[in-house]
Amino acid sequence: MRFKVGVCQFNPELFNVSRNLAKMESLLSDVSADLIVLPELAASGYVFRSKAEVSSCAEQPQNGPTAQLFKALAKQNKTSYVVGFAEKAKAGLYNSSMLVNPDGKINIYRKTHLFFEEKKWFMPGDTGFKVFTIKGSIKVGLMICFDWIFPESARSLALAGAQIVAHSANLVLPWCQQAMITRSLENRIFSVTSNRTGLEKNGTSKLKFTGMSQIIDPTGKIVSRMNETEEYVVVKEINPLKADDKNVTEYNNLFTDRRTELYLS
Ligand code: ACM
């Protein structure tokens, strides 16, 4: 089966939601694909210093500015998108990603494992690791950035049937891109990590983001890896059905060989 998966890498500007949405729209307007993954907190930027700052650019998941733009793009380009955003909910603020489909349906994932000062502004995600079907049969699971360091995240998505893990990220530590090769390999899944670029400052806080967005196949092969700084989109053709074969050798299956009775939880 032929499936076009893409990754969009760019440098959002802190607090400038309308500029960031316009940037994503221009990067994506002529790109044809089945699924494109964008970074974590793509519309708002990342280096917040208070809940009030997050709240000033947090959005309703179903009809905020990010949802509206991506619903229009999904319909126009017949593409599904996964994009990170600051979610305003009744209970508080979440670091979330939305899967937006051409029929206008939106599914939400709320980041499970919050990183560093995110714990001061965001609530820990309560959605759990969910897998959604796109294009009739392709299973897409969502995780966000620091979820990568907990192998349970990708494992849970793989056990739930994900063929492709859409991983929106704002990476600052140097290990994730290499670690995601292992996450793909140990679960036999495609992983698509969309990372942002740039140096973001807010008062005395600053972070540098590492780019190198990538698509990894179920054998750990790097299908595509982007550079550290540039803003662009890459689309590659993959066969998601490759992720359904969990056999490593004729004697070894990644799922049926598990010895859950010996594992600690
Ligand atoms: C991260 O979770 N944004 C590093």
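Shown above is the structure to which this text applies.
In this convention, every chain numbers its residues from 1, walking through the sequence in written order. Local features in this predicted model are restricted to residues of pLDDT 70 or higher, and side-chain atom pairs are both shown and tallied only at a pLDDT of 80 or more, whereas totals for entire chains, interfaces and linings draw on every residue. Side-chain descriptors were evaluated using all non-hydrogen atoms of the structure, hydrogens and water having been removed beforehand.

1. A closer look at the overall build of the chain
Of the regular secondary structure elements, the chain holds six helices and 16 strands. With the principal axes as the frame, the chain shows a C-alpha extent of 55 × 40 × 35 Å. Accessibility here uses a 1.4 Å probe with only protein chains present; expressed as a share of the type maximum, an area under 20% marks a residue as buried, one over 50% as exposed, and anything in between as partly exposed. By the burial criterion, 55% of the 265 residues in the chain qualify as buried. Here the Shrake-Rupley method, with its probe set to 1.4 Å, supplies the accessible areas, and only the displayed protein chains count as covering residues. Carbon together with sulfur atoms contributes 52% to the accessible area of the chain, which is approximately 11,600 Å² in total. A run of H or I in DSSP becomes a helix once it reaches four residues, and a run of E becomes a strand once it reaches two; helices and strands are each numbered from the N terminus.

2. What to know about helix H6 (residues 176-187)
Two residues of an α-helix separated by three or four positions point the same way, owing to the 3.6 residues in each turn. Look at H6: 16 Å from first C-alpha to last across twelve residues, which is about the 16 Å you get at 1.5 Å a residue. Where H6 is concerned, the buried positions are Cys176, Gln177, Ala179, Met180, Ile181, Arg183, Ser184 and Asn187. Downstream of H6 by one or two residues, Arg188 has phi in the positive range, about 50°. Expected span, for any helix, means 1.5 Å times one less than how many residues it has.

3. Quick look at the packing of helix H1 (residues 17-28) against helix H3 (residues 65-77)
Two measures define how a pair of helices packs: the angle their axes make with one another and the distance between the axes. Here the axes come from fitting lines to C-alpha atoms, over the contacting stretch only for helices, and the angles between their N-to-C directions go from 0 to 180 degrees. The contact between H1 and H3 brings their axes to 11 Å, and the two run at 10°. Looking at the two axes, H1 sits roughly parallel to H3. Here Leu21, Met24, Glu25 and Leu28 of H1 lie close against H3, whose contacting residues are Pro65, Thr66, Leu69, Phe70, Leu73 and Asn77. Gly counts as polar in this scheme, as do all residues outside two lists: the nonpolar Ala, Val, Leu, Ile, Met, Phe, Trp, Tyr, Cys and Pro, and the charged Asp, Glu, Lys and Arg. Among the residues forming the contact of H1 with H3, the class breakdown is seven nonpolar, two polar and one charged. Note that the term roughly parallel is reserved for angles under 35 degrees, roughly antiparallel for angles over 145, roughly perpendicular for angles of 65 to 115, and oblique for everything else. For this analysis, residues touch if any pair of their heavy atoms sits within 4.5 Å.

4. A few points about the packing of helix H5 (residues 151-159) against H6
Put simply, H5 and H6 touch, their axes get as near as 10 Å, and they point 35° apart. Crossing geometry of H5 relative to H6 is assigned as right-handed. The segment H5 lies against H6, with Pro151, Ala154, Arg155 and Ala158 engaging Arg183, Glu186 and Asn187. Crossing handedness is read from the near helix: turned anticlockwise from the far helix by less than a right angle, it gives a left-handed crossing, and turned clockwise, a right-handed one.

5. Focus: the pairing of strand E13 (residues 222-225)
As defined by bridge partners, strand E12 (residues 214-216) adjoins E13 across three bridges and the pair is classed as antiparallel. When the sheet's bridge partners are listed, Gln214 is paired in E13 with Arg225. Between E12 and E13, which follow one another and run antiparallel, lie five residues, and Gly220 among them has a positive phi close to 85°. Whether two strands pair depends on DSSP finding at least two bridges between them.

6. Let's talk about the sheet that holds E13
Each strand in a sheet pairs with its neighbour through backbone hydrogen bonds, running either in the same direction (parallel) or in the opposite one (antiparallel). Strand order across the open sheet formed by six strands is E6-E7-E8-E9-E12-E13, with mixed pairing between neighbours. If you trace the sheet from one side to the other, it starts and ends with strand E6 (131-134) and E13, each paired once. If you compare each strand with its neighbour and ignore which way they point, the axes differ by 20° on average. Note: strand E9 (residues 190-195) against E12, three bridges, orientation antiparallel. Paired with Ser191 across the strands is Ile216, a residue of E12. Helix-sheet contacts for H5 involve E6, strand E7 (138-144) and strand E8 (164-169), and the interaxial angle to E7 is about 160°.

7. Describing the nonpolar core
Counting 80 residues, the largest nonpolar core has Met24, Leu28, Leu35, Leu38, Phe70 and Phe122 as the members making the most contacts within it. Apart from residues no more than four positions distant in its own chain, Phe122 is found in contact with Leu41, Phe48, Val54, Ala86, Leu93, Tyr94, Asn95 and Leu114. Buried Ala, Val, Leu, Ile, Met, Phe, Trp, Tyr and Cys residues that are joined via side-chain atoms within 4.5 Å together make up what is termed a nonpolar core.

8. Things to note about the side chain of Thr66
Within the fold, Thr66 resides in helix H3. With relative accessibility at 0%, the residue Thr66 sits in the buried group. As used in this structure description, the phrase polar contact means that two N or O atoms lie within 3.5 Å; if the pair is within protein, one of them must be able to donate a hydrogen and the other to accept it, and residues adjacent in sequence are counted only when both atoms belong to side chains. Polar contacts involving the side chain of Thr66 include one to the side chain of Glu59, which spans 2.6 Å. Once residues lying within four places of it in the same chain are set aside, the contact partners of Thr66 are Leu21, Ala43, Glu59, Val83 and Met98.

9. With respect to the packing of aromatic side chains
Side-chain rings of Phe, Tyr and Trp, where Trp is taken by its six-membered ring, are said to pair if the distance between their centres is within 6.5 Å; with planes under 30 degrees apart they count as stacked, over 60 as edge-to-face, and otherwise as tilted. Evaluation of the coordinates by the stated rule reveals seven aromatic pairs. Ring centres of Tyr46 and Phe209 lie 5.7 Å apart, and the angle between their planes is 80°; this geometry places the pair in the edge-to-face category. Separated by 163 residues along the polypeptide, Tyr46 in the loop between strand E2 (35-37) and helix H2 (51-56) and Phe209 in strand E11 (residues 205-210) bring together distant segments of the chain. Of the two residues, Tyr46 and Phe209, both sit in the buried class.

10. Remarks on the sheet that holds strand E1 (residues 3-9)
Taken together, the six strands give an open sheet; going across it, the order is E5-E4-E3-E2-E1-E14, and neighbouring strands pair in mixed fashion. Edge strands, defined here as strands with exactly one partner in the open sheet, are strand E5 (106-110) and strand E14 (232-238). Sheet twist, expressed as the mean angle between neighbouring strand axes with direction ignored, is 30°. Bridge count for E1 against E14 is seven bridges, and the pairing is antiparallel.

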